[in-house]
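# Results of the structural survey
Each chain, letter by letter, is given below.
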Amino acid sequence: MDIFEKLAQDLKGQGRRIVFPEGSDKRIMGAAVRLKADGVVDPVLLGNQAELKQVASENNFDLSGIEILDPATYPAADKQAMHDALLERRKGKNTPEEVDQMLTDVSYFGTMLVYLGKVDGMVSGAVHSTGATVRPALQIIKTKPGQKRISGAFIMQKGEERYIFADCAINIELDAETMAAVALQSAETAELFGLDPKV
C-alpha cells in the first residue's frame, strides 16, 4: 500500500485536529479541504476570516466544517491564558510585550495551540521558512528528552521504493556525531511510517 494512503487510513476516524498556520495559501487550503472531505483530520486554518473566505471563493473551496481561527480576534480570556503560558515557558527570556508580539505570528500562535493541547499537531513550512517554522517549536515544545538536536527529513516514494532523506533543511554542515544523531532520528522516523530502516 502507498505510504501516504496508509497514513490517511490510519488517521481516519480519530478526530485529530491539525492546525495550518499558512491557511490563506491556496495550496494549504486546498489540502485542508481535501483532508476534511476525506475524513482524515479536522483542519484548523489560521488567518483573517475575510481573507480566507476570499481565497476559498476564488478557488471554489468549501470550508464547511473547517474551523478558522484569527489570532487578531481570538477570545480575550483564551489569548491571555496563551500569553501567560508562553511567558512562563520562556522564563525570563522574553518580556510580556515581546510575548504579545510573538503571538501575532501565526507560527508561534499555532505552536501554542499544540503546546496547550487545543490541537494535536501543526503542519507548516510551505510559505514560511524552515527557521520560522522550527524556531517556535524549539522554544516552546523543546526537543524530545535525551535529544540534543533536531533534524528534518523528506519521505519520498516512487512505486514500491521508499526513502527518507535527511537532513535537507536544518543541519547544513554535519560532523560525525551530528550525522550519527540524524541517522538514528531518521531511522525512528522511518519506523513511525511503517518502513524498515536500513542505515
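Check the entry above for the structure.
The model shown is predicted, which means the values in this text are computed figures rather than measured ones.

Turning next to the nonpolar core. Core analysis: the largest hydrophobic core is formed by 18 residues, its most contacted members being Leu-46, Met-82, Leu-86, Met-112 and Leu-113. Those elements that provide at least two residues to this core are strand S2 (42–46), helix H4 (76–89), helix H5 (96–102) and helix H6 (106–115). The leading source of residues in this core is H6, at five residues. When neighbours within four sequence positions are excluded, Leu-86 is seen to be in contact with Val-99, Met-102, Leu-103, Met-112 and Ile-140. If you look at the next biggest cluster of nonpolar residues, it comprises 15 residues, including Ile-18, Ile-28, Ala-32 and Leu-45.

Right, let's talk about the packing of aromatic side chains for a bit. A complete count under the given rule lists two aromatic pairs for this structure. Between the aromatic rings of Tyr-74 and Phe-109, the centroid separation amounts to 4.9 Å while the plane-to-plane angle is 85°, which identifies the pairing as edge-to-face. Here Tyr-74 is found in the loop between strand S3 (67–69) and H4, whereas its partner Phe-109 is found in helix H6, with 35 residues between them in sequence. When its relative accessible area of 0% is taken as the criterion, Phe-109 is described as buried. An angle of 45° between the planes, with centres 6.2 Å apart, marks the rings of Tyr-163 and Phe-165 as tilted. For Phe-165, a relative accessible area of 41% puts it in the partly exposed group.

Turning our attention to helix H3 (residues 49–58). Here H3 has its buried residues at Leu-52, Val-55 and Ala-56. One side of H3 holds all its buried residues, which, seen down the axis, span an arc of 100°. The exposed residues of H3 that point more than 90 degrees off its buried face are Ala-50, Lys-53, Ser-57 and Glu-58. In this structure, the buried side of H3 is in contact with helix H2 (26–37), S2 and S3. Its side-chain oxygen placed 3.0 Å from the backbone nitrogen of Ala-50, Asn-48 serves as the N-cap of H3.

The subject of this paragraph is the pattern of salt bridges. Scanning all chains against the criterion turns up nine salt bridges. Put simply, Arg-27 and Asp-25 hold a salt bridge, and the shortest N to O gap is 2.9 Å. The buried category is assigned to Asp-25, whose relative accessible area is 16%. Across the salt bridge formed by Lys-36 and Asp-42, the nearest N and O atoms sit 3.1 Å from each other.

A surface patch of nonpolar side chains, about 420 Å² in accessible area, is lined by Phe-154, Met-156, Tyr-163 and Phe-165. Looking at the nonpolar patch, the elements that each hand over two or more residues are strand S5 (153–158) and strand S6 (161–166). Looking at the element boundaries, Phe-165 is found in strand S6.

Time to look at the packing of H6 against helix H7 (residues 130–140). For any two helices packed against each other, one specifies the crossing angle of their axes together with the interaxial distance. At their nearest, the axes of H6 and H7 sit 9 Å apart, and the two run at 40° to each other. Looking at the two axes, H6 sits oblique to H7. Where H6 crosses over H7, the two elements pack in a sense that is right-handed. In this structure, H6 contributes Ser-107, Tyr-108, Thr-111, Met-112 and Tyr-115 to the contact, and H7 contributes Ala-132, Arg-135, Pro-136, Ala-137, Gln-139 and Ile-140.

What follows deals with the side chain of Asn-171. As for its position among the elements, Asn-171 is in the loop between S6 and helix H8 (176–192). When its relative accessible area of 9% is taken as the criterion, Asn-171 is described as buried. One polar contact links the side chain of Asn-171 to the main-chain carbonyl oxygen of Ile-150, over a distance of 2.8 Å. Only 2.7 Å separates the side chain of Asn-171 from the side chain of Asp-167, close enough to count as a polar contact. Excluding anything up to four places from it in sequence, Asn-171 contacts Arg-149, Ile-150, Ser-151, Thr-178 and Val-182.

Quick notes on the rules
Residues numbered from 1 in each chain as written. Predicted model: local features only at pLDDT ≥ 70, side-chain atom pairs only at ≥ 80, totals over all residues. Heavy atoms only, no water. Core = buried A, V, L, I, M, F, W, Y, C linked by side-chain atoms within 4.5 Å. Buried < 20%, exposed > 50% of the residue type's maximum accessible area, 1.4 Å probe, protein only. Helix = DSSP H or I, 4+ residues; strand = E, 2+ residues; numbered from the N terminus. Contact = heavy atoms within 4.5 Å. Phe/Tyr/Trp six-rings, centres within 6.5 Å; stacked < 30°, edge-to-face > 60°. Arc of directions from axis to C-beta. Polar contact = N/O pair within 3.5 Å; in protein donor to acceptor, adjacent residues only side chain to side chain. Salt bridge = Lys/Arg side-chain N within 4 Å of Asp/Glu carboxyl O. Patch = residues over 30% accessible without salt bridge, like charges linked within 9 Å, V, L, I, M, F, W, Y side chains within 5 Å. Areas by Shrake-Rupley, 256 points an atom, 1.4 Å probe, with all protein chains shown as cover. Axes fitted to C-alpha atoms, helices over the stretch in contact; angles between N-to-C directions. Parallel < 35°, antiparallel > 145°, perpendicular 65-115°, else oblique. Left-handed = near helix turned anticlockwise from the far one by under 90°.

These figures come from the coordinates and say nothing about function on their own.
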